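Single-letter residue listing:
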Amino acid sequence: VRRQRGQVKHHAGELRGEVVRLNEDFGFIRTSDGDEYYFSRDNVHGGFDRLSVGSAVEFIGDAGSQGPQAKRVTPQPR
């Protein structure tokens, strides 16, 4: 019924990128387009401690209060 009424939530597609800066609580991801997204430890699924500079990730891009933010960050196998 919700689909017929147009009330179905649409999620943005997942983006891919590479971790370019990282500290103990947050980091930044750069996409192939050169856009950078902030992410925090709480937004990483699969272990923040598995990430390092150069790690490939998938994520959902979102507009944060201070610029682009990455949600549901998932490390990808190398």
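Residues numbered from 1 in each chain as written. Predicted model: local features only at pLDDT ≥ 70, side-chain atom pairs only at ≥ 80, totals over all residues. Heavy atoms only, no water.

(A) Layout of the overall build of the chain. Along its length, the chain carries one helix and five strands. Counted from the first residue to the last, the chain has its helices and strands arranged as α-β-β-β-β-β. When each of the 78 residues of the chain is scored for burial, the buried share is 27%. In the chain, once contacts between residues fewer than 6 apart in sequence are set aside, the share between residues at least 24 apart is 47%. (Helix = DSSP H or I, 4+ residues; strand = E, 2+ residues; numbered from the N terminus. Buried < 20%, exposed > 50% of the residue type's maximum accessible area, 1.4 Å probe, protein only. Contact = heavy atoms within 4.5 Å.)

(B) Local environment of the environment of N23. Relative to the helices and strands, N23 is located in the loop between β1 (14-22) and β2 (26-31). Residue N23 is classed as partly exposed on the basis of its relative accessible area, which comes to 35%. Between the alpha carbons of N23 and V53 there is a distance of 9.7 Å; along the sequence they are 30 residues apart. A distance of 2.7 Å separates a polar atom in the side chain of N23 from the backbone nitrogen of D25. (Polar contact = N/O pair within 3.5 Å; in protein donor to acceptor, adjacent residues only side chain to side chain.)

(C) Up close: the environment of N43. Residue position: N43 is located in the loop between β3 (36-40) and β4 (56-64). Given a relative accessible area of 15%, N43 falls into the buried group. The sequence separation of N43 and F26 amounts to 17 residues, and the corresponding C-alpha distance is 9.2 Å. N43 has contacts with Q69, A70, K71, R72 and V73, leaving out every residue within four places of it along the chain.

(D) Spotlight on the nonpolar core. Among the nonpolar cores identified, the biggest contains eleven residues, and these are V19, I29, Y37, F39, V44, F48, L51, V57, F59, A70 and V73. Looking at this core, the elements that each hand over two or more residues are β3, β4 and β5 (67-75). When residues no more than four places from it in sequence are discounted, the contact partners of V44 are F39, L51, V73 and P75. (Core = buried A, V, L, I, M, F, W, Y, C linked by side-chain atoms within 4.5 Å.)

(E) Structural view of the pattern of salt bridges. Counted according to the given criterion, the structure contains six salt bridges. In this structure, R72 and E14 form a salt bridge, with 3.8 Å as the shortest nitrogen-oxygen distance. Linking R72 in strand β5 with E14 in strand β1, this pair joins segments that are 58 residues apart in sequence. Here R72 falls in the partly exposed class, since its relative accessible area comes to 42%. Since its relative accessible area comes to 43%, E14 is described here as partly exposed. With its nearest N and O atoms 3.9 Å apart, the salt bridge here joins R41 to D25. Here R41, found in the loop between β3 and β4, pairs with D25, found in the loop between β1 and β2; they are 16 residues apart in sequence, far enough to count as distant. (Salt bridge = Lys/Arg side-chain N within 4 Å of Asp/Glu carboxyl O.)

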